[in-house]
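Descriptive analysis of the structure
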Amino acid sequence: MNGHSKNVNSITTDSKFCYSGSNDCSIRVWSLENGYCTSKIASHEAPVLSVAVHKGTIISGDSHGVLKSWKISTERELNTFQSHTARISTFVIDKHQRLFSGSADHTIKLWDLNDGNLKRTYKGHTDTVSHIICNTKSNRFFSSSIDHTAICWDIETGTELQKFSQHKDWVFSMLYDSNKKQLYTCSQDRMVKIWDPKSGKCIHTLFGHEYGVIKMVLHKQFLYTASWDGRIGVYNLKKPLQMPSFLEGHSGKLRCLTRYEDLLYSGGNDGQVRVWSLKTHKCKAVFKGNKKPVTSIIVPNKYVTLTCGEENEISRWPSSSVISSAKSKQAFETLALKEKQKIELKRDHSYDLGSKASEQEVKIIINGENFKVSSKLNLLEACRKVGFDIAALCYHPALGPVGTCKCCVVDVKSEGSTNYKRACACATEVWNGMDIRTDSPQVREQLMSAIADLRKKQKNRSLIMKIAGNYDKRGDLSLERYIKKGESRLQSSKYQISEKVVEDETDSMLDLLIDRVSNRFIDQTNLAIQVDHTKCIDCTRCVNVCSNLQGMDVYSTISTSVYVDSLMPSLNTKGEFLSETMCISCGQCSLYCPSGAITEIDHTEKLEVIMKTKKKLVIVGIAPSARLSLAEIFKLTPGSLTTGQCAHLLRLLGFNRVFDVQFTADLTIMEEGTELLHRIDDPNSILPMFTSCCPGWVNLVEKQYQNIIPHLSSCRSPQQMFGSIIKNYYAKKINIDPKDIFCVTVMPCTAKKKELLREQFRNPETGLRDVDLCLTVREVGRMVAKRGIEFSELEDREFDNPLGFSTGSAHLFAGSGGVMEAAVRSAYWLKFGEDFPALQYNAVRGLKGIKEAVLDFDGRQLRLAVVSGGKNIHKFLETWGTSSFNYDFIEIMACPGGCIGGGGQPRSNLDIVPIRLKSVYQREQKMTSRSSHDNPYVKKLYQDWLKKPYGEKAMMYLHTTYAPFKFKSNLIKEVKKHEEINKGLTSKNSFLILYGSQTGTAEKAAEKVADITRSKKKKIRIMEMNEYGPPINLKNEKFVVFVTSTFWDGAFPENATKFWEDLKNLQPMSLTKLKYCVFGLGSSTYTRFNNAARQIDGKLKELGANEIIEIGLSDREDKNGYLTTLNPWLKEFERTIKKVKKRRVWKK
């Protein structure tokens, strides 16, 4: 059950639902019946560590020592229990509605669950309370602690009745046997002790384990203990002096132990859950789906088993009835796999197909009207759902809220409240009883102000473009000549709007002009996509997509507030032409850009000129996924397959021959399948083999993963095979000179535009390119609109042959896993001469970012992997070059979901991508021929021309080579130089600056801090927080500057989240020698203003660090943005570091 964005810490259940608490500060409610998330409660300001359910109420405790209670039926917050000064470690509720909470502040507190009042505090432990057990019959309770003791308390008086203190290390857990009236405690000292609660005497000590005992289960005459030695001890309590027997099978520490009926469940660091029979003490089943340690197991009923661990999801496993019906482990694993596959189809993933979670509705009021909407929607989506079209430029449902454009501001208030509060609709979740005003005078005034700001930016950026535009079209970038001309023009009367900038900010304007030289307003150097800075509206979508979706970090933002009238565009490629960055031309930024600042380079005018001359035979081929998405441009149902209408449309647009690129997709599979077999059979060949049909992926390899180049398949992409066949085979077949053919493709991809320009795809004899021009789906849509063609009225037409017939395998190329599935089908046929047993290979289907499978191939286990999306690629390749990276064949697509999510597709929300893929699978099943080797025209092509797959002629026309990308600038050298500089510095000879930045603004602020430090001739290290390593290393530092933004309403930037999670776990007073200062960037429009900086500052003080400069908290809403606060803070910082002596980093 996937929905949390960070690790799940605790789960609990009632008869119908599962409740989970997570490090993302939220609680989610899940249906036990189908695994759907029914609602989300997000009101904690810190990670939720514990969750419990009691009589229709949810109780949760967080790492700041706060407990809250919620009414399940209404999700309304009932009470806040706030008195602890450190994290909640454990709590329990008794039948009298009393809440007992234990904390890392060493105390236990008693609360009235009904009114939230604190009734009593119990003090006696000297360290964190680990466990609490209530025994209401005798009006007493027990508590244990990592101070090596357990205590029996009188509930009413708060006095200690007995103290059990014979353990030599942490006491992890307790059990109370109400029949024998005995207390059991287990400890890290490897012992289990049995106590008489009345006298406090130890009755028995149970030995046997090699490491600490953490959990216990009592069943009949046996005590079962889970230990860090990876074993379960079985003690016969009738013979307590006898050594235990052990249940073995786990390969790491045990973390949890629970019982359901006659089954015992154990989980540990090996990620396994083992199920043991309490009758036979034998293992009946093993769950192997978890990749990280299992820390909690819940078995709420006989139908389902739930587990969670150090990851952001809850695993939902088959029922105990399945376990009971299995005759052996092997039989169970088969049943469990089938059962889990059924469950997987129901899980609420944003990329899963055909699944929608059951959603709880809430009542809201919009402009006086009552509505019911899903609780899963944010306020912007909810308003749009019921017909209130709120403006928003920076928001996209796939990227989450940003809140920079301020166009979606509304007034909101809670039920019973009298005052409205201003809020960004995109960043506000709906709640029951919410009252919203979208038409108040204040809201309208805010909207008009936001629009006016955008217009001012557009006007002034256009002015700068006139000055700096295409000053030297030959590419001569002489700084002196450029600055001189730009400066003189700015000072002329024609540009009076910028006079103040020249007078007051001369140095800044020079910096601006220099920056513009290396980062032009209209950058077309990429050859696939272009960036027009004059149209940028500061929405930061491109930054979020490039960093958070694709993991490329090409774009960043520049603060505009220092410049009068916001002259400088916010979009920046870090001082390089786009072609000189790590950009792979995937075009995802162009797919999400709302203003047209980033688009594909348009080639429609060039094509129309060629068509008008009528001197060339204009041939077109359309890609598999393009025919799926083209219908969306014309407002047809998403996923509508319009193959016949597309063929008709392309003829109406003026193409002389209309072919299908799916034909060469079949051809690609024949070549790639044969190449795979050659590599498998040749012991000297290079494995694993990566697919090469995605140009974005090839660009990434040539730029960033150059040691993978030998592993790439030598096969050309279907587009380039199409062009080669047209110019070298079809031209001869119809007796026409290849020079008189103009070959065009329609693709879902922007990178294809750049791919066709590779020198490897130019005929060395004629000098002709195989493909002359590539259009995206959006470009075709613009051509159709210009011609005024009614697409929905077009009749179906057939593609021209011989390149018009294709199979189901070629159709699968549209989605992630399609190339793999098609290759497996034909490779199997090529090897054994018979069709693959199961044509539908589900293991590689779907939209999951990383998929793995193992295929039995004539006794050899072929290890397969399918990856889509840039960020998933980086994650997948983290283990590249290690022994754990053990695959034979890998399909990789740069865009999420593959070509159906390509950068040249129509702009839409992410919900359409699963619909497109579902349509792919439905169409493929209906095709008469489903395997590439069954294509009769492909067979004839080999018979007449190519002779055989992977043969001499095929290698000449259908295969290619790759080479490392050569950067013309010093980008790579500068990166390496920066790494070397940081590498040579240590905590003893340098300052350290750590930053967390979501959009690049905080990084810029950190650089300003670095500039001040360098000016004082101090050595510095500057890096992202996540790059630093374990925060415990801060104890070796002398002076650290922390600079962080707060993303959305209180969230940490992604490049700082891991650092923060680790920092929170440090023990108090562990950084007493550290001297530090903190600067935060945020927006006062959010309730948790500068939360990230405040949290870091508070935690450092708790750790004993010494604050040298008072925390700086900047507000983006100030007139000069964050610089209003940063500039005076930097002056104080500069005065402070003057005290640093040459041989000492700091002197008091």
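Residues numbered from 1 in each chain as written. Predicted model: local features only at pLDDT ≥ 70, side-chain atom pairs only at ≥ 80, totals over all residues. Heavy atoms only, no water.

Under the annotation held in an unreviewed UniProt entry, the protein chain carries the name Iron hydrogenase and is attributed to Anaeramoeba flamelloides. As stated in UniProt under Sequence similarities (unreviewed entry), the record for the protein chain gives "Belongs to the NARF family." (UniProt positions renumbered as here; feature names shortened; annotations may be inferred.)

Turning next to the overall build of the protein chain. Each helix and strand counted, the protein chain has 29 helices and 55 strands in total. Restricting the contact set of the protein chain to residue pairs at least 6 apart, pairs at least 24 apart contribute 62%. Of the roughly 48800 Å² that the protein chain leaves accessible, carbon and sulfur atoms contribute 48%. (Helix = DSSP H or I, 4+ residues; strand = E, 2+ residues; numbered from the N terminus. Contact = heavy atoms within 4.5 Å. Areas by Shrake-Rupley, 256 points an atom, 1.4 Å probe, with all protein chains shown as cover.)

Attention shifts here to the nonpolar core. Counting 67 residues, the largest nonpolar core has Y555, F690, W697 and L877 as the members making the most contacts within it. Ranked by residue count, the leading element in this core is helix α19 (residues 818-832), at seven residues. If we skip the residues at most four places from it in the chain, F690 touches W697, I708, H711, L712, S713, L877, W880, F885, I890 and I892. Ranked by size, the runner-up nonpolar core spans 60 residues in total, among them L630, V746, M747 and V938. (Core = buried A, V, L, I, M, F, W, Y, C linked by side-chain atoms within 4.5 Å. Buried < 20%, exposed > 50% of the residue type's maximum accessible area, 1.4 Å probe, protein only.)

Here the focus is the pairing of strand β33 (residues 369-374). The pairing of strand β32 (residues 361-366) with β33 spans six bridges and is antiparallel. By the bridge assignment, K363 is partnered in β33 with K372. What sits between the antiparallel neighbours β32 and β33 is a turn of two residues, in which N367 has the positive phi angle 50 degrees. (Pairing = 2+ DSSP bridges.)

Across the sheet, which stays open at both edges, the four strands sit in the order β44-β49-β48-β47 with mixed pairing between neighbours. Looking at the sheet topology across the chains shown, the edges are occupied by β44 (689-690) and β47 (850-857). Inspection of the sheet shows β47 paired to strand β48 (residues 860-868) by eight bridges, in the antiparallel sense. Residue pairing for β48: F857 is matched across the bridge by R860. Seen against the sheet, α19 touches β47, β48 and β49 (889-893) and runs at an angle of roughly 150 degrees to β49. (Axes fitted to C-alpha atoms, helices over the stretch in contact; angles between N-to-C directions.)

Turning our attention to the side chain of S22. Structurally, S22 is set in strand β2 (residues 17-22). Within the local environment of S22, its side chain forms a polar contact with the backbone nitrogen of D24, the two atoms lying 3.1 Å apart. Excluding residues that lie within four positions of it along the chain, S22 makes contacts with H4, K6, N7, V8, N9, P47 and V48. (Polar contact = N/O pair within 3.5 Å; in protein donor to acceptor, adjacent residues only side chain to side chain.)

As recorded in UniProt, the feature "repeat: WD" (unreviewed entry) lies at residues 1-40, 41-80, 81-121, 122-163, 164-205 and 247-286. The span residues 247-286 is 0% helical and 57% strand by assignment, and the distance between its end C-alpha atoms comes to 13 Å.

Right, let's get into the pattern of salt bridges. Inspection of the entire model under this criterion finds 39 salt bridges. Overlapping salt bridges, with partners in common, bring together E821, R825, R845, E924 and R930 in one network. (Salt bridge = Lys/Arg side-chain N within 4 Å of Asp/Glu carboxyl O.)

Let's shift gears to helix α15 (residues 718-733). At I726, α15 shows its largest bend, some 40 degrees. In terms of burial, α15 is a largely internal element, 14 of the 16 residues being buried. Of the residues trailing α15, N735 is marked for its positive phi of about 60 degrees. (Bend = angle between axes of the 7 residues up to and from the residue.)

This paragraph deals with the confidence of the model for the protein chain. Per-residue confidence for the protein chain averages 81 on the pLDDT scale, and 84% of its residues sit at or above 70. Across residues 559-570, where pLDDT falls below 50, the model places 42 contacts with residues more than four positions away in sequence or in other chains. Across residues 1141-1148 the pLDDT falls below 50, and counting only partners more than four positions away or on other chains, this stretch makes 13 contacts in the model. (pLDDT = per-residue confidence, 0-100.)

Quick look at the packing of aromatic side chains now. One pass over the full model with this rule turns up 33 aromatic pairs. A ring pair is formed by Y122 and W153, whose centres lie 5.6 Å apart and whose planes are at 65 degrees; its orientation type is edge-to-face. With a gap of 31 residues between them, Y122 in strand β12 (residues 118-123) and W153 in strand β15 (residues 150-154) connect regions that are remote in the sequence. Of the residues examined, W153 reaches a relative accessible area of 0% and is grouped as buried. (Phe/Tyr/Trp six-rings, centres within 6.5 Å; stacked < 30°, edge-to-face > 60°.)

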